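If you want the building blocks of each chain, they are given just below.
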Amino acid sequence: MKDAFTLLLALSFMFSPGGATQEASHPDKPKLVHLVVINMSGFSRVLHHKDDSIPLPVATRVPIQIQAGERIQITSETNNRVKMTIAVKNSDEGHVLPIR
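Sequence order sets the numbering: in each chain, residues are counted from 1 along the sequence as written. Selection of residues for local features in this predicted model requires a pLDDT of at least 70, selection of side-chain atom pairs for listing and counting requires 80 or more, and totals for whole chains, interfaces and linings are taken over all residues. Note that water and hydrogens are dropped before the side-chain values are worked out from all heavy atoms of the structure.

Asker: Explain the sheet that holds strand S1 (residues 32-39) here, please?
Answerer: Strand pairing in a sheet relies on backbone hydrogen bonds. The paired strands run either parallel or antiparallel. A pair of strands is treated as paired once DSSP finds two or more bridges between them. Only runs of H or I of at least four residues qualify as helices and only runs of E of at least two qualify as strands under DSSP, and these elements are numbered from the N terminus. Across the sheet, which stays open at both edges, the 3 strands sit in the order S4-S1-S7 with mixed pairing between neighbours. The open sheet has two edge strands, strand S4 (61-67) and strand S7 (96-99), and neither has a second partner. On average, adjacent strands in this sheet sit at an angle of 35° to one another, irrespective of strand direction. Pairing of S1 with S7, which is carried by 4 bridges, proceeds in the parallel orientation. Counterpart to Val-37 in the pairing with S7 is Leu-97. Between N-to-C directions, angles span 0 to 180 degrees; the directions come from axes that are lines fitted to C-alpha atoms, helices contributing only their stretch in contact.

Written out as structure tokens, the structure is:
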């Protein structure tokens, strides 16, 4: 009886939707960081990441996702002196980055 119960318990774990196996985490894979960027400058700004360009409207929250360790660049289409580079860190998760 005890062996039958053990077998049923083992089978229930094996065929459960959650499964008994768990994926191993990959410590060398960079974490995806979620943050919000707000253009507080009063002028038009553009966020650049790799080949993407995202316009940043004034006083509007723009949520972004980026891997930790990567850089974003903030520029202006009307003022060529505006050029800011921000390195995204794991500690930026959930933060709001004001752009001045």
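Asker: Which parts of the structure should I look at to understand the sheet that holds strand S3 (residues 52-56)?
Answerer: The antiparallel open sheet is built from 4 strands, whose spatial order is S3-S2-S5-S6. With one partner strand each, in any of the chains shown, S3 and strand S6 (83-87) form the two edges of the open sheet. Across the sheet, the mean angle from the axis of one strand to that of its neighbour is 25°, orientation sign disregarded. Direction of pairing for strand S2 (residues 45-49) relative to S3: antiparallel, over a ladder of 5 bridges. Directly across from Leu-47, in S3, lies its bridge partner Ile-54.

Asker: Is there a simple way to explain the pairing of S2 in this structure?
Answerer: The two faces of the sheet receive side chains in turn, since in a regular strand these alternate between them. With respect to burial, S2 is a largely interior element, 4 of its 5 residues being buried. Linking two consecutive strands that pair antiparallel, namely S2 and S3, is a turn of 2 residues; a positive phi of about 55° is found at Lys-50 within it. With 3 bridges connecting them, S2 and strand S5 (residues 71-75) associate as antiparallel partners. Residue pairing across strands places Leu-47 opposite Ile-74, the latter belonging to S5. Residue burial is assigned from relative accessible area. The probe radius is 1.4 Å, only protein chains are included, and a residue is buried under 20% of its type maximum, exposed over 50%, and partly exposed in between.

Asker: I would appreciate a short explanation of the environment of Ser-76 in the present structure.
Answerer: Turning to its location among the elements, Ser-76 is positioned in the loop between S5 and S6. For Ser-76, a relative accessible area of 11% corresponds to the buried category. When the C-alpha positions of Ser-76 and Phe-43 are compared, they lie 8.1 Å apart, and in sequence the two are 33 residues distant. Any two residues whose heavy atoms approach within 4.5 Å are treated as being in contact. Residues within four places of Ser-76 in sequence aside, it is in contact with Ser-44, Arg-45 and Val-82. Each polar contact in these results corresponds to two N or O atoms within 3.5 Å; when the atoms are within protein, one needs to be able to donate a hydrogen and the other to accept it, and residues that are neighboring in sequence are counted only if both atoms are side-chain atoms. A polar contact of 3.4 Å, which involves the side chain of Ser-76, links it to the backbone oxygen of Ser-44. Within the structure, Ser-76 has its side chain in polar contact with the side chain of Arg-45 (distance 3.4 Å).

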